[in-house]
Amino acid sequence: MDLKSLVRDIPDFPKPGILFRDITTLLRDPEGLRYTIDFLTQKCNEAEITVDYVIGIESRGFIFGSPLAYKLGAGFIPVRKRGKLPAAIHSIEYELEYGTDCLEVHQDALHQGSRVLIVDDLIATGGTASATAKLVQKIGCELVGFGFIIELRDLQGRTYLPDVPIISLIEY
């Protein structure tokens, strides 16, 4: 299946000069969505990635991470932006182009030694994925890989990630 044909390009969003890759058109297509999850599962199996937990990065990582966790027989853990989780949290601040941001996960969500796969819809500069990896490693978990639906290769985000398998289904 040609997944690229299911991704809509939106020029000048969220600001002039940016070409936004919109996955809502992929999500609304039942066959495309099913194929995406099955293909991501297949790629994880081919890479011999075994996991205890799939982490989905807020918010589009939740969409793909939950069904992937189900297919891999793993638990699903949401990593959220600051202030969204009600119980005690682990957190990490990271640099953005202009300022900083913060990611959080519940303290009881992950246990030292757990094997973790991080999933998001897209990798661009790698900042959020890298911060999530640092958070996982700070907790004492074993990062076993990353899964992305889209990779923007020109931005070289994968160069900022740890040396583990990185799966991307569509490259631009």
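If you're wondering where the values come from, they're calculated on a predicted model, not measured in any experiment. (Residues numbered from 1 in each chain as written. Predicted model: local features only at pLDDT ≥ 70, side-chain atom pairs only at ≥ 80, totals over all residues. Heavy atoms only, no water.)

## Topic: the overall build of the protein chain
Step number 1: Scanning the protein chain from N- to C-terminus turns up 4 helices and 9 strands.
Step number 2: When the helices and strands of the protein chain are placed in sequence order, the string is β-β-α-α-β-α-β-β-β-β-α-β-β.
Step number 3: Seen along its three principal axes, the alpha-carbon backbone of the protein chain occupies a region of about 40 × 40 × 30 Å.
Step number 4: In the protein chain, buried positions account for 46% of the 172 residues.
Step number 5: The long-range share in the protein chain, meaning contacts at least 24 apart out of those at least 6 apart in sequence, stands at 56%.
Step number 6: Surface accessibility of the protein chain: about 8900 Å² in total, with carbon and sulfur atoms responsible for 49%.
Step number 7: Charge separation in the protein chain, taken as the distance between the mean sites of 18 positive and 24 negative side-chain charges, equals 2 Å. (Helix = DSSP H or I, 4+ residues; strand = E, 2+ residues; numbered from the N terminus. Buried < 20%, exposed > 50% of the residue type's maximum accessible area, 1.4 Å probe, protein only. Contact = heavy atoms within 4.5 Å. Areas by Shrake-Rupley, 256 points an atom, 1.4 Å probe, with all protein chains shown as cover. Lys, Arg positive; Asp, Glu negative; His and termini not counted. Charge placed at Lys NZ, Arg CZ, Asp CG, Glu CD.)

## Side note on the packing of helix α2 (residues 30–46) against helix α3 (residues 60–72)
Step number 1: The contact between α2 and α3 brings their axes to 10 Å, and the two run at 55°. Considered as vectors, α2 and α3 are oriented oblique to each other. Note on packing geometry: the crossing formed by α2 with α3 is right-handed. Together, Leu-33, Thr-36, Ile-37, Asp-38, Leu-40, Thr-41, Cys-44 and Asn-45 of α2 and Phe-64, Pro-67, Leu-68, Lys-71 and Leu-72 of α3 make up the contact between the two elements. (Axes fitted to C-alpha atoms, helices over the stretch in contact; angles between N-to-C directions. Parallel < 35°, antiparallel > 145°, perpendicular 65-115°, else oblique. Left-handed = near helix turned anticlockwise from the far one by under 90°.)

## Structural notes on the layout of surface pockets
Any space left empty among the atoms is revealed by the rolling of a water-sized probe across them.
Step number 1: Counted as a void, the largest pocket has a volume near 1300 Å³.
Step number 2: As for the largest pocket, its lining consists of 40 residues, and the residues nearest its centre are Leu-122, Ala-124, Thr-125, Leu-152 and Leu-155.
Step number 3: Contributions of two or more residues to the lining of the largest pocket are made by β2 (19–22), β5 (89–96), β7 (115–123) and α4 (127–139).
Step number 4: In terms of residue count, the dominant contributor to the lining of the largest pocket is α4 (6 residues).
Step number 5: Among the residues forming the lining of the largest pocket, the class breakdown is 19 nonpolar, 7 polar and 14 charged. (1 Å grid on protein atoms, 1.4 Å probe; cavity = no way out; pocket = protein on both sides within 12 Å on 5 of 7 lines; lining within 4 Å. Points joined across faces, edges and corners; volume = space filled by probe spheres on them. Nonpolar A, V, L, I, M, F, W, Y, C, P; charged D, E, K, R; others polar.)

## Section: the UniProt feature "domain: Phosphoribosyltransferase" (unreviewed entry) in the protein chain
Step number 1: The sites that carry the UniProt feature "domain: Phosphoribosyltransferase" (unreviewed entry) are, in the present numbering, residues 37–151.
Step number 2: Annotated as 31% helix and 41% strand, the span residues 37–151 places its first and last C-alpha atoms 16 Å apart. (UniProt positions renumbered as here; feature names shortened; annotations may be inferred.)

## Points about α2
Step number 1: Its 17 residues give α2 an end-to-end C-alpha distance of 24 Å, which sits within 8% of 24 Å, the value for a rise of 1.5 Å per residue.
Step number 2: Taken residue by residue, α2 has Gly-32, Thr-36, Ile-37, Phe-39, Leu-40, Thr-41 and Cys-44 as its buried positions.
Step number 3: Structurally, α2 contributes buried residues whose contacts are with α1 (24–27), α3, β7, β8 (142–151) and β9 (166–171).
Step number 4: For α2, the N-terminal cap is Asp-29; the gap from its side-chain oxygen to the backbone nitrogen of Glu-31 is 3.2 Å. (Expected span 1.5 Å × (residues − 1). Polar contact = N/O pair within 3.5 Å; in protein donor to acceptor, adjacent residues only side chain to side chain.)

## Examining the sheet that holds strand β4 (residues 75–81)
Step number 1: The sheet built from 7 strands is open, its strands ordered β5-β6-β4-β3-β7-β8-β9 with mixed pairing. Since the sheet does not close on itself, it has two edges, and those belong to β5 and β9, each with one partner. Within the sheet, the average angular offset between the axes of one strand and its neighbour, ignoring direction, is 20°.
Step number 2: In this structure, β8 lies alongside β9, joined through 5 bridges in parallel fashion. Within β9, the residue paired with Glu-151 across the bridge is Glu-171. (Pairing = 2+ DSSP bridges.)

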